[in-house]
Amino acid sequence: MAEERKKPYIERKHYLNELISFKDDQIIKVITGIRRGGKSTLLFDIYADWLLENGVSEEQIIKVDLEPMEAKPLYNPDSLYKHITGKLLTGKMNYVFIDEVQNCEGFEHVVDSLYIKKNVDIYVTGSNARMLSGELATLISGRYVEIEVLPLSFKEFVEGTKKADETLAQKYTQYIRFGAFPKVAEYKNDSKKINTYLDALYNTIFKKDIVDRNKITNVPTFEAVMRFVLANIGSPISSKSISDYLMSQKKNVYPKTVDDFLKSLVESFMAYKAERYDIKGKEILKSLGKYYVTDLGLRNYLLGFQEMDSGHVLENIIYFELLRRGYKVFVGKVASREVDFIAENEKGVEYYQVTANMRDEKTRERELEPLNAIKDHFPKFIITLDEYALSNSTYNGIIVINAIDFLLGNY
């Protein structure tokens, strides 16, 4: 039996299965997420390889990458449409992949025109959430599905960087220090290469996806807002609290401007906002949401690695793990108490508290108290890095799970 060829990428089975589930459906597949988070590899390599292995010919797969300079002639929608339709095969399904589609002004008309062809299965990627607003949303409303690609999960990171002499604890340290961009994982803890890569990536995201796209002129103030958000992951913040802080630092910025900056940060997928939800009142609150950074490596590149920040770092990781698992995630309020996460899907609701350790009795009581205050019967969990016997036990029906077990899918 021939040895299976080792593939030159980390497999993203979860996202691959999502794409497979929509194959040949007359629906536009819109793949979004932070730049270099793995969208292009998922589509052009992982999914394309799967198609080739399952009876699709190379001629049926039409790949258009709109990121390099050589693609500039295709930034015109008429040219892009002519380029793609000139490659379509008659009598067969054509799989059209367009990477960084937002670089073509008017791309929505190209996508809509291809969508109505019965022999076209269309997939597009983009690095800015705004591509799904405005005219595109109007043109393809109800005719697209969004697949939001995040950097590597901890499980993907472990499976993709296996070394016999490394423990899971060492892997976790690498994960929180260097982050989870697929290319970073390839550099195998070479801190010099990783920092060089993160520097180039940050400058690209910052300039192309935030400053240029949003026509930001007060760049130093925007960067100050961004650094404040990254330094305060997992803490309730508002536009006013950021404005007040920056005013105290002699930076003249008003809440409305801060709010615009925060939207730009979220639209670039560099950070996500978790809205605050009143469990008793059953309503989303307008103030004091929390922000989480999509990649901790970028955060550490900008702010420096802070070992004392373990609780908020773990909270950040669990937030994105819940998103990967298909939950809508809110931060919770029950009376005057805070619940780290309310995770909701079609099956119901789950409540989560996240803490680096539960050895201290006061910490244990603090984490249990908000969950005990919730009077419904949905599942309640505490996720902790503790490895001793307390993990995977219960307190008054509240299940305590070791974080590594949870991240590896063992619970």
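The paragraphs below set out a description of the structure included in this document. (Residues numbered from 1 in each chain as written. Predicted model: local features only at pLDDT ≥ 70, side-chain atom pairs only at ≥ 80, totals over all residues. Heavy atoms only, no water.)

When its secondary structure is counted, the chain shows 16 helices and 13 strands. By its C-alpha atoms, the chain is 70 × 65 × 45 Å across when sized along the principal axes. Going through the 411 residues of the chain one by one, you find that 51% of them count as buried. Sequence separation of 24 or more characterises 67% of the internal contacts of the chain that already satisfy a separation of 6 or more. Approximately 19800 Å² of the chain is accessible, and the part contributed by carbon and sulfur atoms is 50%. Across the chain, the mean location of the 57 positive side-chain charges is 2 Å away from that of the 60 negative side-chain charges. (Helix = DSSP H or I, 4+ residues; strand = E, 2+ residues; numbered from the N terminus. Buried < 20%, exposed > 50% of the residue type's maximum accessible area, 1.4 Å probe, protein only. Contact = heavy atoms within 4.5 Å. Areas by Shrake-Rupley, 256 points an atom, 1.4 Å probe, with all protein chains shown as cover. Lys, Arg positive; Asp, Glu negative; His and termini not counted. Charge placed at Lys NZ, Arg CZ, Asp CG, Glu CD.)

In this section: the environment of T85. Topologically, T85 is positioned in helix 3 (residues 77-85). Overall, T85 belongs to the partly exposed group, its relative accessible area being 25%. Along the primary structure T85 and V96 are separated by 11 residues, whereas in three dimensions their C-alpha atoms are 9.8 Å apart. Among all residues touching T85, those that are not within four sequence positions of it are L114 and K117. Of the polar contacts made by the side chain of T85, one reaches the backbone oxygen of Y81; its length is 2.8 Å. A distance of 3.3 Å separates a polar atom in the side chain of T85 from the backbone oxygen of K82. (Polar contact = N/O pair within 3.5 Å; in protein donor to acceptor, adjacent residues only side chain to side chain.)

So, on to unusual backbone geometry. Unlike most non-glycine residues, K215 shows phi in positive territory, near 50°. Along the polypeptide, K215 turns up in the loop between helix 9 (191-214) and helix 10 (219-231). Despite not being glycine, F269 has its phi angle at roughly 65°, a positive value. Topologically, F269 is positioned in the loop between helix 12 (255-267) and strand 6 (271-278).

This paragraph deals with the sheet that holds strand 1 (residues 28-32). Here 5 strands make up an open sheet; going across it, the order is 2-3-4-1-5 and the pairing parallel. The outermost strands of the open sheet, each flanked by one partner alone, are strand 2 (61-65) and strand 5 (144-148). Here the average twist between neighbouring strands, direction ignored, is 15°. Pairing geometry for strand 1 and strand 5, over 5 bridges, is parallel. Within strand 5, the residue paired with T32 across the bridge is E148. Across the sheet, helix 4 (residues 107-115) lies against strand 1, strand 3 (94-99) and strand 4 (120-126), angled at about 155° from strand 4, the strand it touches most. (Pairing = 2+ DSSP bridges. Axes fitted to C-alpha atoms, helices over the stretch in contact; angles between N-to-C directions.)

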